[in-house]
Amino acid sequence: MVGKYRGNRQAITALVRETEVHRDLYVDQELFELEMEQLFANTWIYVGHDSQVPKVGDYYATTIGKQPVIMVRAAEDSIKVLHNRCPHKGTRLTGESCGNTGRFFRCPYHAWTFRLDGSLAGVPLKSGYEGTSFTESRAARGITAVRHVHNYRGFVFAKQSDVGPGFEEFFGEALSSLDNMIDRSPVGRLEVAGGVLRYMHACNWKMLVENQTDTCHPMIAHQSSAGTAVEVWKAAPAGTKKPMAVEIYGPFVSSYEFFQTMGIRVWDNGHGHTGVSHSIHSDYSAVPGYFEQMVAAYGEERAKAILGENRHNTVYFPNVMLKGPIQLLRVFKPLAADRTLVESWTFRLVGAPDMLLERTVMYNRLVNAPTSIVGHDDLEIYERAQAGLASDGNEWINVQRLYVADEAERRNVVTDGTSEWQMRNQFRAWTKFMTMSL
Amino acid sequence: MTPTDQQLIDFVVREARLLDQQRLEDWLELFTDDGHYWMPVEWGQSDPRLTTSLMYEDKLLLKIRIDRLKGRATYSQSPKSRCHHVLQQPQVDERDEEQRHYVTWTPLHYVESRGDQQTLYAAWATHHLTLVDDALRIRLKRVDLVNCDAALGSIQLFV
């Protein structure tokens, strides 16, 4: 079947206007498949953190777009990302989401074995392939490895296509948010810790990504949760110490002015962040002993610079959001045009007090769990948007707020915190990476 | 007073009934002042502090949750959710009269519905009960979903 968009650069490009995008970006299944083939192949996709695979043979099974992959520690100093598919019949090689495979992957179907770099190690009853030119077969090449893998200070990204920019070029100055998160450890190292929250969303994955820099919704959509928290806390007897949970909820219902003045920074290739000058994480209580550890590690000036950075949400295009000040990373995993799995991961700052992880873990629970009263209202809004887009009354979504005529030409800009510039930035990157191999 | 096994069982059954009838203020009164509601996210999870959970809420957080359910701007409750518990007979696992500490274990099925959607969950509830002024109160209600680590949709009421 010939679709509307496959191979049609012009039709795809026409979906993104300067201040509007077409609803097909959210509802069209063909376009979704093209996103998986083009956008998720030409960009660097987050796979996992190397602390998830500390020992040789450790693996973590995940997905890039819709494709199953394995991140494996192939050697002390080498992490590979392999397609999670036996080259024989296609069987997925791992059952568990993580574990240690020893020195080989062994397919549970016919016991073909593979070295940790994916190469074929053995086939039972191999005589059956003699004289069949087996060595020239695709299967004999072993498990297909994802071609481009980059481990940036523990964060492993992969790019499937040879097209598209290199790692440093793709992320550019946006890496400063990851750097700040990592530098918050006195020894400059993070570990995945605290468990993962997995929340199923019946909406398009991009709605979640756009919402990360949407600063005009918290005081509306989260009035019911954060606003109630503030109200309930008012009844506490004077002089009661404000609990960590109220410190976390409260800032969600900050004023428009708070969000306007926090600023948004927009980077190339769809990356950007809210909270240039301050954020909802700025006023958390100090954790005893932590600042002293940071000063001992970095010196006072540098420690203050690291901790003075309070970026709110950093979007790593296409599908990751990072909160450096609380060491939290969310992955928006696309499953279908109207289905997204949200995974929210947290990290321990190695060498820092446990109370920091405790706060991070609490934040994750209060905001990102399937049982979160903040998450409930966000998901309700996304699902209503997904339903509303079925209307033929208007096929366009508006992203015009604080539009600047020449903004597509401008680089690494800081702007008003309530601007939709970063969303427009994401859509420009969307067009670029959807069409660059066409 | 020393509660009989039957009184412990009746307490757990009534607790579920208050949830089903959404008498949530009455339900909250069943907790001690330092009581917690805990729904782990990991199988066999032992720590609620440095490992996240689906819920780990003290009375303040539970009150916020209950007040929010009544709010007019609570979009995810328009339309409102309903819930339904089916309990297996609770079993009394521990009795410590000196410490006034009683533990029950209750397998259950829980249904939450909203609009045209209805979702079934299976769980075990572990109640850690005590006596306050001769009345049974919850120190800890732990709810272990059989699929606690699955990718779940919204659970908006209380299992």
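Each value, and the rule that gives it
- Residues numbered from 1 in each chain as written.
- Chains lettered and ligands numbered in written order.
- Predicted model: local features only at pLDDT ≥ 70, side-chain atom pairs only at ≥ 80, totals over all residues.
- Heavy atoms only, no water.
- pLDDT = per-residue confidence, 0-100.
- Axes fitted to C-alpha atoms, helices over the stretch in contact; angles between N-to-C directions.
- Helix = DSSP H or I, 4+ residues; strand = E, 2+ residues; numbered from the N terminus.
- Parallel < 35°, antiparallel > 145°, perpendicular 65-115°, else oblique.
- Contact = heavy atoms within 4.5 Å.
- Nonpolar A, V, L, I, M, F, W, Y, C, P; charged D, E, K, R; others polar.
- Pairing = 2+ DSSP bridges.
- Buried < 20%, exposed > 50% of the residue type's maximum accessible area, 1.4 Å probe, protein only.
- Lys, Arg positive; Asp, Glu negative; His and termini not counted.
- Salt bridge = Lys/Arg side-chain N within 4 Å of Asp/Glu carboxyl O.
- Domains from an automatic or database assignment.
- Polar contact = N/O pair within 3.5 Å; in protein donor to acceptor, adjacent residues only side chain to side chain.
- Phe/Tyr/Trp six-rings, centres within 6.5 Å; stacked < 30°, edge-to-face > 60°.
- Lys NZ or Arg CZ within 6 Å of the ring centre and 35° of its normal.
- Core = buried A, V, L, I, M, F, W, Y, C linked by side-chain atoms within 4.5 Å.

**Student:** What am I meant to see in the confidence of the model for chain B here?
**Tutor:** Reading fine detail from the predicted coordinates is not recommended where pLDDT is low. Looking at chain B as a whole, the pLDDT averages 98, with 100% of positions reaching at least 70. Across the predicted assembly, pTM comes out at 0.97 and ipTM at 0.97.

**Student:** Would you take a moment to explain the packing of helix H14 (residues 373–388) of chain A against helix H3 (residues 59–70) of chain B for this structure?
**Tutor:** Helices that pack against each other are described as a pair by the angle of their axes relative to one another and the distance between those axes. Here H14 of chain A crosses H3 of chain B at 30°, and the two axes come no closer than 11 Å. Here H14 of chain A lies roughly parallel to H3 of chain B, going by the angle between them. On H3 of chain B, the residues that touch Ile373, His376 and Asp377 of chain A of H14 of chain A are Ile64, Arg65 and Arg68 of chain B. Tallied by class, residues from the contact of H14 of chain A with H3 of chain B come to 2 nonpolar, 1 polar and 3 charged.

**Student:** Quick question: what am I supposed to make of the sheet that holds strand E6 (residues 98–100) of chain A here?
**Tutor:** Strand pairing in a sheet is mediated by backbone hydrogen bonds. Such pairs are either parallel or antiparallel. All names here are of chain A. As summarised here, the arrangement of the 4 strands in space is E5-E4-E3-E6, forming an open sheet in which the pairing is antiparallel. Here the strands that pair on one side only, and so sit at the sheet edges, are strand E5 (78–83) and E6. Taken pair by pair, the neighbouring strands of this sheet meet at an average axis angle of 30°, ignoring direction. Summarising the sheet, strand E4 (residues 67–75) and E5 pair through 6 bridges and their orientation is antiparallel. Note that in E5 the partner of Ile70 across the bridge is Leu82.

**Student:** Looking at this structure, how should I read the side chain of Glu247 of chain A?
**Tutor:** Residues and elements named next belong to chain A. The topology assignment puts Glu247 in helix H9 (residues 244–249). Despite its burial, Glu247 remains without a salt bridge, the nearest opposite charge being carried by Arg359 at 4.4 Å. The residues touching Glu247, leaving out its near neighbours within four places in the chain, are Lys242, Asp283, Tyr284, Ser285 and Arg359.

**Student:** For this particular structure, what's the right way to read the environment of Ser113 of chain B?
**Tutor:** Residues and elements named next belong to chain B. Here Ser113 lies in strand E5 (residues 101–114). Ser113 gets classed as buried once you look at its relative accessible area, which sits at 15%. With 30 residues separating them along the chain, Ser113 and Cys83 place their C-alpha atoms 6.3 Å apart. Excluding residues within four positions of it along the chain, Ser113 makes contact with Lys80, Ser81, Arg82 and Gln118.

**Student:** Explanation requested: the domain arrangement of chain A in the structure shown.
**Tutor:** Accessible area lost on assembly of the parts is the figure often given for the size of an interface. Residue and element names in this part refer to chain A. Along its sequence, chain A is carved into domain 1 (46–152) and domain 2 (189–435). Taking only C-alpha atoms, the centre of domain 1 and the centre of domain 2 are 35 Å apart. Each side of the interface is counted separately: domain 1 has 9 residues, and domain 2 has 12 residues. At the junction of domain 1 and domain 2, the tally comes to 0 salt bridges. The tally of links from domain 1 across to domain 2 stands at 2 residue pairs in polar contact (both at pLDDT 80 or more). Taken together, the elements giving at least two residues each to the side of domain 1 that touches domain 2 come down to strand E2 (45–49) and strand E3 (58–64). For the side of domain 1 that touches domain 2, the per-class residue count stands at 2 nonpolar, 6 polar and 1 charged.

**Student:** What is the right way to read the side chain of Thr126 of chain B from this model?
**Tutor:** Residues and elements named next belong to chain B. Mapped onto the elements, Thr126 comes out in strand E6 (residues 117–132). A relative accessible area of 15% means that Thr126 is categorised as buried. If near-sequence neighbours (up to four positions away) are discounted, Thr126 is found in contact with Val103, Thr104, Trp105, Leu140, Lys141 and Arg142.

**Student:** Looking at this model, I keep getting lost on the sheet that holds strand E7 (residues 104–106) of chain A. Mind explaining?
**Tutor:** Residues and elements named next belong to chain A. What the 3 strands build is an open sheet, ordered E7-E8-E9; its pairing is antiparallel. The outermost strands of the open sheet, each flanked by one partner alone, are E7 and strand E9 (120–122). This sheet shows a mean twist of 35° between the axes of neighbouring strands, independent of strand direction. Where strand E8 (residues 113–115) and E9 come together, 2 bridges link them in antiparallel fashion.

**Student:** Explain the packing of aromatic side chains here, please?
**Tutor:** Within a pair of aromatic rings, the relevant descriptors are the distance that separates the centres and the angle that separates the planes. In total, this model carries 27 aromatic pairs over all chains according to the counting rule given. Judged by centre distance (5.9 Å) and plane angle (90°), the rings of Tyr60 of chain A and Trp345 of chain A are edge-to-face. A residue pair is termed long-range when its members are at least 10 positions apart, and Tyr60 of chain A in strand E3 and Trp345 of chain A in strand E19 (residues 339–349) qualify at 285 residues. Look at Tyr60 of chain A and you get buried, because its relative accessible area is 8%. Chaining the aromatic ring pairs together yields one cluster made of Trp44, Tyr46, Tyr152, Phe155, Phe157, Phe167, Phe170, Phe171, Tyr316, Phe317, Phe347 and Phe433 of chain A. Against the face of Tyr26 of chain A rests Lys206 of chain A, its NZ or CZ located 5.5 Å from the ring centre. Here the guanidinium or amino end of Arg142 of chain B rests over the ring plane of Trp38 of chain B, the centre of that ring lying 4.6 Å away.

**Student:** Can you walk me through the environment of Ile280 of chain A in this structure?
**Tutor:** All names here are of chain A. Examined against the element boundaries, Ile280 turns out to sit in the loop between strand E15 (272–274) and helix H11 (290–298). Looking at Ile280, the relative accessible area reads 4%, which means it is buried. Spatially, the C-alpha atom of Ile280 lies 28 Å from that of Val47, the residues being 233 residues apart in sequence. If sequence neighbours within four positions are ignored, Ile280 has contacts with Pro251, Phe252, Phe258, Phe259, Met262, His312, Lys323 and Tyr363.

**Student:** Explanation requested: the nonpolar core in the structure shown.
**Tutor:** General note: in soluble globular proteins, nonpolar side chains tend to be found buried as a group. Formed by 79 residues in total, the largest nonpolar core has its most connected members in Leu31, Phe155 and Trp430 of chain A. Lining this core are residues from two domains, each supplying at least three of them: domain 1 (46–152) and domain 2 (189–435) of chain A. Not counting residues up to four positions away in its chain, the partners in contact with Leu31 of chain A are Tyr5, Ile12, Leu15, Asp24, Leu25, Trp430 and Met434 of chain A. Listed in part, the 38 residues of the second largest apolar core include Trp27, Leu30, Leu62 and Leu129 of chain B.

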